[in-house]
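Per-entry structural report
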Amino acid sequence: VGTAGSIRLETIPRQLLIIMSFSYQSESSSSHLLEMLHGGRPRNEEPHVKKSMKKYGEKVDLILRVDLDELGISEDEFDDLQSLFQLYDHDKDGILNLKETQKVLRCLGFRTNEEQAVSLARLVSCDRHGFSISFNEYLQLVSIQRKGEPDEETLLDVFQSFDPLNTGLISEAQFRKIMKSKDSIEEEDINEMIEEYKKMQSVDG
């Protein structure tokens, strides 16, 4: 539990998040408001959500227009990605602004500043002014980022190049050197990684 009356998102079970996504409800937003929020998007683009009236209000479902198989996203992964998107899509229009996109990327393990977030949004977004991303653009971005990540075999090869004696260990100094070579990783993040590792080691004994 966080501050009074609040609950930390990381404590919410995955299944509950999925259930929350199916009861994703909102008040209707006008086309004028949508234009104000995401003015850089085409005025004639197809809607990103489907609305229907239910007993307790309006239900909003995200519209899927991309091929998940082509993107390499499984059904289980889709459920999780959809739930995450909905948690930050506060106006429930199927579009994230740049700040919301940054928060989602952070949850996915990508710590970005505003400039980096814009660069990533440019890869998929049709919004050349505010760099917002729709639900389907978001899924495309996740796919692109995953394809850019090295596979397990490549990671092992890299690790072994720093561990010629095959001890299975790498020194803290070497680790810091590797991390500092990455422009997107700050010193604070490196220290946090090392501290988390030390905590895990102390728990495991």
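Residues numbered from 1 in each chain as written. Predicted model: local features only at pLDDT ≥ 70, side-chain atom pairs only at ≥ 80, totals over all residues. Heavy atoms only, no water.

On to the packing of aromatic side chains, then. Evaluated as defined, the whole model comprises four aromatic pairs. Geometrically, the ring pair formed by Phe 85 and Phe 135 is edge-to-face, given 5.2 Å between the ring centres and 70° between the ring planes. Of this pair, Phe 85 sits in helix α4 (residues 75–88) while Phe 135 is found in helix α7 (residues 135–147), placing the two residues 50 residues apart along the sequence. Taking the relative accessible area as the measure of exposure, Phe 85 reaches 0% and is therefore buried. Summarising the aromatic geometry, the rings of Phe 85 and Tyr 138 are spaced 5.0 Å apart at their centres and angled 50° between planes, so their arrangement reads as tilted. (Phe/Tyr/Trp six-rings, centres within 6.5 Å; stacked < 30°, edge-to-face > 60°. Helix = DSSP H or I, 4+ residues; strand = E, 2+ residues; numbered from the N terminus. Buried < 20%, exposed > 50% of the residue type's maximum accessible area, 1.4 Å probe, protein only.)

The next point concerns unusual backbone geometry. Even without glycine at this site, Lys 92 takes up a positive phi of about 55°. Assignment of secondary structure puts Lys 92 in the loop between α4 and β3 (95–96). The phi dihedral of Phe 131 falls on the positive side, at around 60°, and the residue is not glycine. Mapping Phe 131 onto the fold places it in the loop between α6 (114–122) and β4 (133–134).

At a minimum axis separation of 10 Å, helix α5 (residues 98–107) and α6 run at an interaxial angle of 90°. On the basis of their axis angle, the class for α5 and α6 is roughly perpendicular. On the side of α5, the interface is formed by Leu 98, Gln 102 and Leu 105, while α6 contributes Glu 114, Ala 117, Val 118 and Leu 120. Classifying every residue of the contact of α5 with α6 by side-chain character gives five nonpolar, one polar and one charged. (Axes fitted to C-alpha atoms, helices over the stretch in contact; angles between N-to-C directions. Parallel < 35°, antiparallel > 145°, perpendicular 65-115°, else oblique. Contact = heavy atoms within 4.5 Å. Nonpolar A, V, L, I, M, F, W, Y, C, P; charged D, E, K, R; others polar.)

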